[in-house]
Amino acid sequence: MSNPSNSKIRVVLAEDQGMVRGALAALLSIEHDIEVIAAVADGQEALRVVGRERPNVLVTDIEMPQLTGLELTARVRELYPETRVVIVTTFARPGYLRRALDAGAHGYLLKDRPSAELADAVRRVNQSMRVVDPALAAEIWNAENDPLTDRERQILRRAGEGESTAEIARSLRLSDGTVRNYLSEAIAKMGASNRVEASRLARTKGWL
């Protein structure tokens, strides 16, 4: 949903680090044609706000509580496709970029880029253009394909954060045996010797 030329681009910002969230909100708010209508700290709250406010653009980090930025992007594409998504992250890995684009993101910027580039990205994405860090865009063609399924990724991420098989099973409403099977498959696909190593390797490649 593009906004009329005489109105501001309405933006929701999702970032779990308070100082970064405040800085990004301040940077965007000084732009004459951009209005930050909400700045929230987790993905689930961001989804609620997007549903209520229907902003033109959602700017989100990747790693957040409740829903990751990639999960949030996919949900927004499914439920509120008129809202376009820009991901702003520290993850300079083609694996993350590929997953972001697959999830429906229209922009992918690194946090170390000049601040003016974020406002420009919001404007361009609002006009149905795609904005991707040029160095990562070149690397994506040589990136390995992600072998993990969504469920394997979900379970491996939790295992890498220290959750036991029983804890993962309870939270995802699966049996212990099912969780072990998913973990075994993920470990084998990563060529790792255990769940911790598999999680580390997957994260390094941008697959978690």
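Just so you know, these numbers come straight off a predicted model, no measurement behind them.

A. How the structure looks around the domain arrangement of the chain. For the chain, the assigned domains read domain 1 (9–142) and domain 2 (150–205). Taken over C-alpha atoms, the centre of domain 1 sits 27 Å from the centre of domain 2. Taken together, the contact between domain 1 and domain 2 spans seven residues of the former and five residues of the latter. Contact between domain 1 and domain 2 buries roughly 480 Å² in total, counting both sides, with carbon and sulfur atoms accounting for 33%. A per-residue breakdown of the area domain 1 buries against domain 2 is headed by R93, Y96 and R99, which together make up 59% of the total. Joining domain 1 to domain 2, the criterion identifies two salt bridges. E71 is the partner of R157 in a salt bridge, and the nearest nitrogen-oxygen pair spans 3.8 Å. The interface formed by domain 1 and domain 2 holds two residue pairs in polar contact (both at pLDDT 80 or more) in total.

B. Fine view of the packing of aromatic side chains. A full pass over the atoms with the stated rule returns one aromatic pair. Ring centres of F91 and Y96 lie 4.4 Å apart, and the angle between their planes is 10 degrees; this geometry places the pair in the stacked category. There is no split in this pair, since F91 and Y96 are both buried.

C. Region of the structure containing the environment of K205. Note that K205 resides in the segment after α10 (195–204). Put simply, K205 and D120 are 85 residues apart on the chain and 28 Å apart in space, counted from C-alpha to C-alpha.

D. Here's a closer look at the pairing of strand β2 (residues 34–40). The pairing of strand β1 (residues 9–14) with β2 spans six bridges and is classified as parallel. If you follow A14 over to β2, its bridge partner there is V40. Handedness of the crossover is the feature at issue here: the chain leaves β1, passes through helix α1 (residues 18–29), returns alongside β2, and the resulting connection is right-handed.

Procedures and definitions
- Residues numbered from 1 in each chain as written.
- Predicted model: local features only at pLDDT ≥ 70, side-chain atom pairs only at ≥ 80, totals over all residues.
- Heavy atoms only, no water.
- Domains from an automatic or database assignment.
- Contact = heavy atoms within 4.5 Å.
- Buried area = accessible area lost by both parts, 1.4 Å probe.
- Salt bridge = Lys/Arg side-chain N within 4 Å of Asp/Glu carboxyl O.
- Polar contact = N/O pair within 3.5 Å; in protein donor to acceptor, adjacent residues only side chain to side chain.
- Phe/Tyr/Trp six-rings, centres within 6.5 Å; stacked < 30°, edge-to-face > 60°.
- Buried < 20%, exposed > 50% of the residue type's maximum accessible area, 1.4 Å probe, protein only.
- Helix = DSSP H or I, 4+ residues; strand = E, 2+ residues; numbered from the N terminus.
- Pairing = 2+ DSSP bridges.
- Right-handed = clockwise from strand over helix to strand, strands pointing away.

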